[in-house]
Amino acid sequence: MAAPSSGKTTVPLRNKAQMIDYLAKGEKPIEDWRIGTEHEKIGFCNAKLLPLPYDGPCSIKAMLEGLQRFDWQPVEEKGKLIALKRDGGSVSLEPGGQLELSGAPLEHVHQTCAEVTRHLREVKEVADEIGAGFLSLGFRPDTKLEDVPIMPKGRYQIMRDYMQKVDTHGREMMFRTCTVQTNLDFSSESDMVKKFRVSLALQPLATALFANSPFKEGKLNGYKSYRSRVWLNTDKDRTGMLPFVFDEGFGYEQYVDYALDVPMYFVYRNGEYLNAAGKSFRDFLDGTLDVVPGEVATLSDFEDHLSTIFPEVRLKQFLEMRGADTGPWDELCALPAFWVGLLYNNSALDAAWDYVKDWTQQERQQMRVDVPKQGFQTEIRGKTFQEMAKDILEISRAGLNARAKMNSHGENETVFLQELDRMAMTGQSNADRLIDLFNGAWDGDITRTYKECIF
């Protein structure tokens, strides 16, 4: 999760137009579109295969300290090292010590993959020295919730306490899940709307393609993407498929209206997270929020609030694709390629919209409910997701071919779709493969994940 933005913009919010204008300022000409990729990974100590604590010789703090040799600059909260920054990117902590790379905005997927490769090489060097490793899975395979350490970031304690009040799986999401995300740009409000609708409709397909969390507490959990299943019962006020995005007239204003109705988590002031969980941002706008009596929200407070909303696709000054489990190196490169092919070429975007535009709200929601368990066998109108994956990958491939972004070997970005093509042809996601291994060669030994599912 992003560091708080509060304090950067102290101009008070006097009307909704300021928030609408904030989103609109994300518009960029096509030549300035960039790709941002984020991925998380689950750390453990080799000695006993236990989660990385914050402190100690084999710890998160030791990782962050060790990574500074690669010119990462430290970020602290109340004297605790909680993140690193370098060249437009950052390394940060999720609530249960998941280590996240938030990549810099880059021009093409070749650069993204080089960034991921460099980061994983740096992580491995430090991890090897301190006796640690990192799992490339979307959910912790064996650690119980109560055994996962909480990281020393103020917002996480507020979230942790609030999560158990609003639904059943919020703490699971915080402490045991891992994702890979892609952040993409738009040129206008109409471009944003079309990209939002296409990516939201196809997010369940991305969940199937990148399903990689079939284990829980040492056993098969009955799902292909248990991470995705957890999100179904995390907090309905701030998650889900956002049916209003498909309403006629949807745009920046309607998203602002939605965001204002999402309950708050916190207000950040003078280095402190003030607990505002469940309170109304509209009261903050009116200066009647009891946590900071008499204060009116600023644009930075609105930025912070947007970062606490977790739908399957999220709008800030870019669009975030949020439906995928984290996975092995090649899948970290495949996710941005998949979405860039669909969304960064007008012909591909039109073709993808034609594919999904007459799906109903009920159909989109049913796919979202079915896919965590069924994966490629999820259906819409008699067509399986395996069949749909072939169709959509062809559209993505056409978009990437049209972009013609080449590497030094003369290959364009379609090279990163190869693993997804294999999955679509065989109907076997990474989760399906792991289930077969667990039932077969591994003979039910979950510790094999610590040898075969690492970065």
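Provided above is the structure to which this section pertains.
Residues numbered from 1 in each chain as written. Predicted model: local features only at pLDDT ≥ 70, side-chain atom pairs only at ≥ 80, totals over all residues. Heavy atoms only, no water.

A short note on the overall build of the protein chain
Which entries qualify depends on this criterion: Labels follow the DSSP assignment, with helices taken as runs of H or I lasting at least four residues and strands as runs of E lasting at least two, numbered in each case from the N terminus. Each radius of gyration is computed over the set of C-alpha atoms, and the globule rule expresses the reference value as 2.2 Å times the number of residues to the power 0.38. Think of it in three bands: with a 1.4 Å probe and only protein chains considered, a residue is buried below 20% of the maximum accessible area for its type, exposed above 50%, and partly exposed in between. The accessible surface values rely on the Shrake-Rupley method and a 1.4 Å probe; as for residues, cover is taken only from the protein chains in view. For the charge count, each Lys or Arg is scored as positive and each Asp or Glu as negative, with His and the chain ends excluded. For charged residues, the charge sits on one atom: NZ in Lys, CZ in Arg, CG in Asp, CD in Glu.
Scanning the protein chain from terminus to terminus reveals 17 helices and 18 strands. For the protein chain, the C-alpha radius of gyration of 21 Å lies close to 23 Å, the compact-globule estimate for 455 residues. Each of the three principal axes of the protein chain carries a C-alpha extent, and together these read 65 × 55 × 45 Å. Within the protein chain, the proportion of its 455 residues that are buried is 59%. In the structure as shown, the protein chain presents an accessible area of about 17500 Å², 48% of it carried by carbon and sulfur atoms. Looking at charge distribution, the protein chain has the averaged site of its 55 positive side-chain charges lying 3 Å from that of its 68 negative ones.

Examining the packing of aromatic side chains
Ring pairs (aromatic) are described by centroid distance and by the angle formed between their planes. Put simply, the test is: Any Phe, Tyr or Trp ring, taking Trp's six-membered ring, that has another such ring centre within 6.5 Å forms a pair; planes under 30 degrees apart are called stacked, those over 60 apart edge-to-face, and the others tilted. Throughout this description, the term charge over a ring refers to an Arg CZ or Lys NZ atom that lies within 6 Å of the ring centre and within 35 degrees of the ring normal.
For the coordinates displayed, the defined rule picks out 22 aromatic pairs. Judged by centre distance (4.7 Å) and plane angle (35 degrees), the ring pair of Trp33 and Tyr344 falls under tilted. Residue Trp33 is located in the loop between helix H1 (16-24) and strand E1 (35-45), and its partner Tyr344 is located in the loop between helix H11 (329-343) and helix H12 (346-356); the two are separated by 311 residues in the primary sequence. Each member of the pair Trp33 and Tyr344 is classed as buried. Clustering of aromatic rings is evident, with ring pairs tying together Phe196, Phe244, Phe250, Tyr255 and Tyr258. Across from the ring centre of Trp33, 3.5 Å away, lies the NZ or CZ of Lys195, which sits over that ring. Over the ring of Tyr223 we find Lys373; its NZ or CZ atom is 4.4 Å from the centre of that ring.

Topic: helix H16 (residues 430-439)
Applicable threshold: Contacts: residue pairs with any heavy atoms within 4.5 Å of one another.
Listed in full, the buried residues belonging to H16 are Asn430, Ala431, Asp432, Leu434, Ile435 and Phe438. Of the surrounding elements, those touching the buried residues of H16 are strand E9 (215-216), strand E10 (219-220), H11 and helix H15 (418-426).

A word on empty space enclosed by the protein
To be explicit about the condition: The method works on a 1 Å grid over the protein atoms by themselves. A cavity is a set of points holding a 1.4 Å probe that cannot get out, a pocket is an open set with protein on both sides within 12 Å along at least five of seven lines, and residues with an atom within 4 Å of a point line them. Grid points are joined across faces, edges and corners, and a volume is the space filled by probe spheres set on the points. Polar here means any residue other than Ala, Val, Leu, Ile, Met, Phe, Trp, Tyr, Cys and Pro, which are nonpolar, and Asp, Glu, Lys and Arg, which are charged; Gly is therefore polar.
Per the stated rule, a full pass over the model turns up one cavity of 30 Å³ or more. The computed volume of the largest cavity comes to approximately 60 Å³. Along the wall of the largest cavity there are 12 residues; nearest its centre are Met264, Phe266, Asp301, Asp304 and His305. Listed by contribution, the elements that provide at least two residues to the lining of the largest cavity are strand E12 (266-269), helix H9 (281-286) and helix H10 (299-306). Per-class residue counts for the lining of the largest cavity are seven nonpolar, three polar and two charged.

Regarding helix H3 (residues 109-130)
We apply this condition: By this rule the span expected of a helix is its residue count minus one, scaled by 1.5 Å.
In a regular helix each residue adds 1.5 Å, so 22 residues correspond to 32 Å; H3 covers 32 Å between its end C-alpha atoms and thus fits that length. Following H3 by one or two positions, Gly131 adopts a phi angle in the positive range, close to 80 degrees.

Focus: the state of the cysteines
Think of a disulfide as a covalent bridge from one cysteine sulfur atom to another cysteine sulfur atom. We count it as follows: Sulfur atoms of two cysteines make up a disulfide when they are within 2.5 Å.
The tally for this structure, following the rule as stated, stands at two disulfides. Each disulfide pairs two cysteine sulfurs, and for Cys113 the partner residue is Cys333, the sulfurs being separated by 1.9 Å. Looking along the S-S bond of the Cys113-Cys333 disulfide, the torsion reads about 80 degrees, which is the right-handed sense. Note that Cys113 is positioned in helix H3 and Cys333 in helix H11, a separation of 220 residues in sequence. Judged by its relative accessible area of 4%, Cys113 falls in the buried class. Summary of cysteine pairing: Cys178 is not part of a disulfide, and the nearest cysteine sulfur, belonging to Cys453, is at 13 Å. Judged by its relative accessible area of 0%, Cys178 falls in the buried class.

A short note on the pattern of salt bridges
Condition: The salt bridge definition used is simple: a Lys or Arg side-chain nitrogen within 4 Å of an Asp or Glu carboxyl oxygen.
Here the structure, examined in full by the defined rule, presents 39 salt bridges. The partner of Lys236 in a salt bridge is Asp167, and the shortest N-O contact between them spans 3.1 Å. Pair noted here: Lys236 is in the loop between helix H7 (226-232) and strand E11 (239-240) and Asp167 is in the loop between helix H4 (154-166) and helix H5 (170-176), with a separation of 69 residues, a long-range link. Exposure remark for Lys236: the relative accessible area of 56% places this residue in the exposed category. We note a salt bridge from Arg381 to Asp358, for which the minimum N-O separation is 3.1 Å. In this pair, Arg381 sits in the loop between strand E17 (379-380) and strand E18 (383-384) while Asp358 sits in the loop between H12 and helix H13 (361-374), placing the two residues 23 residues apart along the sequence. Judged by its relative accessible area of 47%, Asp358 falls in the partly exposed class. The structure contains a network of salt bridges with shared partners spanning Glu172, Arg176, Lys216 and Glu217.

Quick notes on unusual backbone geometry
Although it is not a glycine, Asp71 sits at a positive phi angle of roughly 70 degrees. In this structure, Asp71 sits in the loop between helix H2 (60-67) and strand E3 (73-77). Of the residues examined, Asp71 reaches a relative accessible area of 56% and is grouped as exposed. Even without glycine at this site, Ala404 takes up a positive phi of about 55 degrees. Its place among the elements puts Ala404 in the loop between helix H14 (385-403) and H15. For Ala404, a relative accessible area of 38% corresponds to the partly exposed category.

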